[in-house]
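Here are the chains, one letter per residue:
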Amino acid sequence: MRRSIYAIVLVAATSGCSESAVTWSDVVHTDVPQQPSESIRGLPAPAVSRCEVTLRIATDGESAFAAWFAVRRDSSVLLLTARSMNGAEWSKPVVADSTDRGTRGCGRPPPAIAADPSSRYVHLAYFIEPAGGGVFFAHSMDSGATFHSAVPIVFGNNPVRTSVASNGERVVVAYEDPNSRQPMIALALSKTMGHLFEKRVAASTEYGRARQPVVRVTGDSIRLWWSEYSENPAVSATRPMYRAGLWK
């Protein structure tokens, strides 16, 4: 069964982006709505040895869930998760993905994590290098106790940032396209709780240099934030960008 699911998602991951899956508003770069944090702050964190910078925490309103990378001796990583149910102590870490074979150590973008209060699923999106590199997705159907085998969102060797959001059956993964010459943001869309990603959508415009996506979904509404970088590498300033979309 796992091989069948993997094959189906792999076909979707290589089939290109659909422009018709989402109806987008104009891009906003002034009076941008407040961008949500990608990690819940103010909560006690689990003990993390090395790679603390990759730690991310999400909550479903009752319990907290953490995800981070742990470095192995060969500089590849394990993706670990832990849960704090109803304010209790953090659980023993669970291995969500052990397939990385890269040698970047902690020098990689952090994983993205979302905890859905309606389904009680926990979703992860992240860049690793099992053979070649790529963005992968994994989820838990039992509040982070176990995780299904990861499925590919997109392949590409450039390390990229991700964001993930869910609302019931709908799951969105936002990611920096690892294959685009011009930095851009794309989305992978699922109406099956992340079991299958049916659509790929180009989300940022073709004119800016878009990085650092943050995505949220409520019903059929998608909200997307990103940072636009200057084409001049000597200029470090960025400006916030935002657009909303209606998921068909």
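Here the structure is a predicted model, which means the values were calculated and not measured.

**Overview of the sheet that holds strand E2 (residues 56-59)**
Thinking step 1. Taken together, four strands build an open sheet; the order of strands is E2-E3-E4-E5 and the sheet is antiparallel. Strands with a single pairing partner mark the edges of an open sheet, and in this sheet they are E2 and strand E5 (94-97). With strand direction ignored, the average angle separating the axes of adjacent strands in the sheet is 30°.
Thinking step 2. The pairing of E2 with strand E3 (residues 64-71) spans four bridges and is classified as antiparallel.

**Re the side chain of Arg 216**
Thinking step 1. The residue Arg 216 is located in strand E14 (residues 209-218) in this model.
Thinking step 2. Within the structure, the side chain of Arg 216 is placed 2.9 Å from the backbone oxygen of Ser 37, a separation counted as a polar contact.
Thinking step 3. Sequence-distant contacts of Arg 216, that is, excluding residues within four places in its chain, are made with Pro 36, Ser 37, Glu 38, Ser 163, Val 164, Ala 165, Ser 221, Ile 222, Arg 223 and Trp 225.

**Focus on the sheet that holds strand E1 (residues 22-24)**
Thinking step 1. With antiparallel pairing, the four strands of this open sheet are ordered in space as E1-E16-E15-E14. Two strands close off the open sheet at either side, each with one partner strand: E1 and E14. Between one strand and the next, the sheet's axes are offset by a mean angle of 30°, whatever the strand orientation.
Thinking step 2. Judged from the three bridges that link them, E1 and strand E16 (residues 238-247) form a sheet pairing that is antiparallel. Counterpart to Thr 23 in the pairing with E16 is Leu 246.

Criteria and thresholds
Residues numbered from 1 in each chain as written. Predicted model: local features only at pLDDT ≥ 70, side-chain atom pairs only at ≥ 80, totals over all residues. Heavy atoms only, no water. Pairing = 2+ DSSP bridges. Helix = DSSP H or I, 4+ residues; strand = E, 2+ residues; numbered from the N terminus. Axes fitted to C-alpha atoms, helices over the stretch in contact; angles between N-to-C directions. Polar contact = N/O pair within 3.5 Å; in protein donor to acceptor, adjacent residues only side chain to side chain. Contact = heavy atoms within 4.5 Å.

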